[in-house]
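A closer look at the structure
One-letter residues, chain by chain:
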Amino acid sequence: MENQVLTPHVYWAQRHHELYLRVELSDVQNPAISITENVLHFKAQGHGAKGDNVYEFHLEFLDLVKPEEEEQLNKLRLESQGSPETLTSLKKGYLFMYNLVQFLGFSWIFVNMTVRFFILGKESFYDTFHTVADMMYFCQMLAAVESINAAIGVTKTPVVPSLFQLLGRNFILFIIFGTMEEMQNKAVVFFVFYIWSTVEIFRYPFYMLSCIDMDWKVLTWLRYTVWIPLYPMGCLAEAVSVIQSIPVFNETGRFSFTLPYPVKIKVRFSFFLQIYLILLFLGLYINFRYLYKQRRRRFGQKKKKIH
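Residues numbered from 1 in each chain as written. Predicted model: local features only at pLDDT ≥ 70, side-chain atom pairs only at ≥ 80, totals over all residues. Heavy atoms only, no water.

Under an unreviewed UniProt entry, the name given to the protein is Very-long-chain (3R)-3-hydroxyacyl-CoA dehydratase, and the source organism is Bos mutus grunniens. In its Sequence similarities (unreviewed entry) section, the UniProt entry covering the protein states "Belongs to the very long-chain fatty acids dehydratase HACD family." Per UniProt, the protein has the following entry under Pathway (unreviewed entry): "Lipid metabolism; fatty acid biosynthesis." (UniProt positions renumbered as here; feature names shortened; annotations may be inferred.)

Written out as structure tokens, the structure reads:
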């Protein structure tokens, strides 16, 4: 008794002069697809309506297929419930929600600081940390997701610029401000937090719209432009906070240590802060270079050749 030939579910659609076929098989292995005159031959091992088996079918067209049109076989796609389109939709949904949460968080910080500045004036500078630090902690801890996404390939962002920004900001937030109460009532905290939030209220909405394939030209221009003045200003504000913290760390001796015998040399934490200042401007250069390339790729005009 001959084995029964199993035929998969095949859907077709036609648009203009193109014919689209969808074959409902998953885990397809060794697909054999060919055209003989006006007949399409398909055979493959895969999981379909009858489980994991060999499926095949022959589809006869009304006219002969021209040899130069056989390349259109590349348009035949094998789909199932776990299709790449489904995975792409899930990834876009995940990235949209992440960017939405970050946008709401940084927007709250930005609006809160702006309103307090207009009401209290310069007096709002000195209690910025106690007012918005909790939300800033949340947003900056959540920002680790961006570096993870870049590392595992969820996004196309290079890992190094993303990691430099994450570590740099978190060092300022958790070490310089978070561990030293003497630093929390300084005016520099206002400028650091305000610049950070200003950058992000344009960056995250841009990524949100990108997830749903929308391009708002004004927002796109702002996303690729506001960093030009704000990144150097932010770097300068962070450097000022580090410089102001050096005498505080020296006075308190926090994070300083003494090397073991026989060296017995006291190493002040301020020594590492001075090294960090160098790394801070190195990180600015790396991020500036990366963002400049992005902006040039987005808005740069190709030079026309003159013959």
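Before going further, it helps to examine the sheet that holds strand β3 (residues 26-36). In space, the three strands of this open sheet follow the order β3-β4-β5, with antiparallel pairing throughout. In this open sheet, the two edge strands, each paired with only one partner strand, are β3 and β5 (51-60). On average, adjacent strands in this sheet sit at an angle of 10° to one another, irrespective of strand direction. Where strand β4 (residues 39-48) and β5 come together, ten bridges link them in antiparallel fashion. If you follow F42 over to β5, its bridge partner there is F57. (Pairing = 2+ DSSP bridges. Helix = DSSP H or I, 4+ residues; strand = E, 2+ residues; numbered from the N terminus. Axes fitted to C-alpha atoms, helices over the stretch in contact; angles between N-to-C directions.)

Moving on, we come to the pattern of salt bridges. This structure, assessed with the given rule, holds seven salt bridges. The closest approach of N and O atoms between R169 and E200, which form a salt bridge, is 2.7 Å. Note that R169 is positioned in helix α4 (residues 159-177) and E200 in helix α6 (residues 188-211), a separation of 31 residues in sequence. Just as R169 is buried, E200 falls in that class too. For the salt bridge of R298 with D215, the shortest nitrogen-to-oxygen distance reads 3.4 Å. One end of the pair, R298, is in helix α9 (residues 269-299); the other, D215, is in the loop between α6 and α7 (217-223), with 83 residues separating them in the sequence. Connected via shared salt-bridge partners are E146, R169, E200 and R203. (Salt bridge = Lys/Arg side-chain N within 4 Å of Asp/Glu carboxyl O. Buried < 20%, exposed > 50% of the residue type's maximum accessible area, 1.4 Å probe, protein only.)

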